[in-house]
Amino acid sequence: ARVAGFVVRAHECRYEDDRLRERVRSAGGPDHLWRLFYAARLTFTPPLPPVVGPSMALPKVRTAAREEFVTQLRDEGLTGIEERSEEHIEVESGERATVTQYDATFPIEATDGRREVPMEGWIGIWHDGAVLLAGGLYPSAPLADVLDVPGLEYDPAASRDELRALFRRVDR
């Protein structure tokens, strides 16, 4: 992506929750990606000049990253994407990450018709000598209820807590 005259590249690691996917599928639910997490370190070409540095680049990078995150959510098949809140969390390095919450709906076809699964996505951006970002997505309601799959255990609050813990651990 290009931001303010710089080419920005993300060096990314992405993790998908294959165990939850298999549990839903085994319980008779649809086969979809339900939870994901990614972390990235951004590099700039040409390199940021010393007078600019990561902290001065953050506002433009944050805007571009949020726009890209919404595009990624759409690419995953989500609809009704709305920005809900913004807050700051402290990461393990002591820096503060600005994190933004998005609510969305995941329309799926189930054997008994169309279902709409409420989803929550988060993206966080900060700098710690490098510009870092992390993002994630998970169902924000119990899947057993939404998918009408009795006995399927899934805790949205635990998914949220786990995602926030992962954000805190991202480093260069």
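Reading the values: rules and limits
- Residues numbered from 1 in each chain as written.
- Predicted model: local features only at pLDDT ≥ 70, side-chain atom pairs only at ≥ 80, totals over all residues.
- Heavy atoms only, no water.
- Core = buried A, V, L, I, M, F, W, Y, C linked by side-chain atoms within 4.5 Å.
- Buried < 20%, exposed > 50% of the residue type's maximum accessible area, 1.4 Å probe, protein only.
- Contact = heavy atoms within 4.5 Å.
- Helix = DSSP H or I, 4+ residues; strand = E, 2+ residues; numbered from the N terminus.
- Salt bridge = Lys/Arg side-chain N within 4 Å of Asp/Glu carboxyl O.
- Phe/Tyr/Trp six-rings, centres within 6.5 Å; stacked < 30°, edge-to-face > 60°.

(A) Structural detail: the nonpolar core. Membership of the largest hydrophobic core comes to 55 residues, with the highest contact counts inside it found for Trp 34, Phe 44, Leu 78, Val 117, Leu 143, Leu 147 and Phe 167. With residues near it in sequence (within four places) discarded, Phe 167 still touches Phe 37, Ile 89, Val 91, Val 99, Trp 122, Ile 123, Gly 124, Trp 126, Ala 134, Gly 135 and Gly 136.

(B) Representation of unusual backbone geometry in the model. With phi around 55°, Asp 148 is a residue other than glycine that occupies positive phi space. Here Asp 148 lies in the loop between helix H3 (143-147) and helix H4 (156-169).

(C) Structural detail: the pattern of salt bridges. Using the criterion set out here, one finds 14 salt bridges in the structure. Residues participating in the shared-partner salt-bridge network are Arg 21, Glu 22, Arg 25 and Asp 31.

(D) Focus on the packing of aromatic side chains. On inspection of all chains with the given rule, the structure shows 4 aromatic pairs. Note on Trp 34 and Phe 106: the rings are 5.8 Å apart at their centroids and 70° apart in plane angle, and the pair reads as edge-to-face. Of the two residues, Trp 34 is situated in the loop between helix H1 (18-26) and strand E3 (36-45) and Phe 106 in strand E5 (residues 96-110); the sequence distance between them amounts to 72 residues. Both residues of the pair, Trp 34 and Phe 106, count as buried.

Keep in mind these numbers describe shape, not what the thing actually does.
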